[in-house]
Amino acid sequence: MRDGKKISVIIPAIDEEDAIAKVISEIPAWVDEIIVADNGSRDRTPEIAHLAGARVVFEPRRGYGSACLRGLSVVQSPDVVVFLDGDYSDFPEEMDRLVDPILADRADMVIGSRVSGPRQPGALTPQALFGNWLSCRLLFLFWGVTFTDLGPFRAIRHSSLTALAMVDPNYGWTVEMQIKAAVAGLRSLEIPVGYRKRIGASKVSGTLRGVIGAGVKILWLIGKHAVARG
């Protein structure tokens with residue numbers, strides 16, 4: 001509990017055996033439940049996560065969004081849900097910076113911005129930086145909301161997230177949340193957070209297929225919602 005409110009953490013993960021225990025060990029003690037949504041690991045990620053104290057659930061359908069949705073399906077009625085990656089690129093100890101504005105009723109969703117926060121050289125690739133800039137620019141043009149990042153480290157009020165009816169199974173999960181939050185009139189904040197080079201190889205920015213797939217999906221999703229708004 002934090003300020004009498006229940007906090008759940010969801011970590012989508014695939015093949016993160018060298019990082020997952022580090023991530024879990026640095027999550028603040030006031031978090032009530034830690035759920036690792038394993039997305040088809042071929043290594044010891046599930047076993048290590050369990051031994052580190054997380055509840056492990058399995059999602060066979062590949063995709064970042066699919067893993068997040070699986071984690072959401074088993075949370076135990078939290079007040080706030082926090083998402084972060086399992087590769088140790090985020091700083092779990094900064095979680096209070098995302099959660100506290102929600103608990104203070106100053107926001108419904110808080111995005112951790114890797115772009116405006118301190119980061120290790122090379123932690124964000126040039127293609128990731130450009131993709132974030134372009135996507136956030138389009139979010140401003142179509143919905144008038146100002147973001148600098150589509151970062152995975154984020155917190156959101158559980159009731160608000162449920163109302164958004166998230167559906168994207170893969171690369172579009174984060175931008176879908178930010179678009180739907182804007183349409184729903186949620187109060188959104190961005191907080192600078194630290195970012196470091198991940199442990200292991202990236203499944204997205206580290207491969208040409210991942211970069212192209214993510215870019216196309218995010219732009220398609222923005223276009224789809226922009227057309228739907230009329």
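Scroll up a little and you will see the structure.
Residues numbered from 1 in each chain as written. Predicted model: local features only at pLDDT ≥ 70, side-chain atom pairs only at ≥ 80, totals over all residues. Heavy atoms only, no water.

Right, let's get into the overall build of the chain. Helix and strand content of the chain: 8 helices and 7 strands. Taken against the 2.2 N^0.38 rule, which gives 17 Å for 230 residues, the C-alpha radius of gyration of the chain at 16 Å falls within 12% of a compact globule. For the chain, the spread of C-alpha atoms along the principal axes amounts to about 50 × 45 × 35 Å. The proportion of buried residues among the 230 residues of the chain is 52%. Accessible surface computed for the chain: about 10,300 Å², of which carbon and sulfur atoms make up 57%. Side-chain charges in the chain split into 27 positive and 26 negative, and the spacing between the mean points of these groups amounts to 6 Å. (Helix = DSSP H or I, 4+ residues; strand = E, 2+ residues; numbered from the N terminus. Rg over C-alpha atoms; globule rule 2.2 N^0.38 Å. Buried < 20%, exposed > 50% of the residue type's maximum accessible area, 1.4 Å probe, protein only. Areas by Shrake-Rupley, 256 points an atom, 1.4 Å probe, with all protein chains shown as cover. Lys, Arg positive; Asp, Glu negative; His and termini not counted. Charge placed at Lys NZ, Arg CZ, Asp CG, Glu CD.)

This paragraph deals with the pattern of salt bridges. All told, the structure shown has 14 salt bridges when counted by the stated rule. Arg196 is paired through a salt bridge with Glu26; the nearest N and O atoms lie 3.8 Å apart. Highlighted residues: Arg196 in the loop between strand S7 (188-192) and helix H8 (208-228) and Glu26 in the loop between helix H1 (20-25) and strand S2 (33-38), separated in sequence by 170 residues. Owing to a relative accessible area of 10%, Arg196 belongs among the buried residues under this scheme. Linking Lys180 and Glu176 is a salt bridge whose minimum nitrogen-to-oxygen distance equals 2.7 Å. Here Lys180 and its partner Glu176 are both found in helix H7 (residues 173-184), 4 residues apart, which amounts to about one turn of the helix. (Salt bridge = Lys/Arg side-chain N within 4 Å of Asp/Glu carboxyl O.)

Attention now goes to a nonpolar patch on the surface. Residues Phe140, Leu141 and Phe142 make up a contiguous nonpolar surface patch of about 270 Å² in total accessible area. Positionally, Phe142 belongs in helix H5 (residues 126-143). (Patch = residues over 30% accessible without salt bridge, like charges linked within 9 Å, V, L, I, M, F, W, Y side chains within 5 Å.)

On to the sheet that holds strand S4 (residues 80-83), then. The sheet built from 7 strands is open, its strands ordered S3-S2-S1-S4-S6-S5-S7 with mixed pairing. Each having just a single partner strand, strand S3 (55-58) and S7 make up the two edges of the open sheet. The sheet shows a mean angle of 20° between the axes of neighbouring strands, taken without regard to direction. Taken together, the 4 bridges between S4 and strand S6 (residues 154-157) define a ladder with antiparallel strand orientation. (Pairing = 2+ DSSP bridges. Axes fitted to C-alpha atoms, helices over the stretch in contact; angles between N-to-C directions.)

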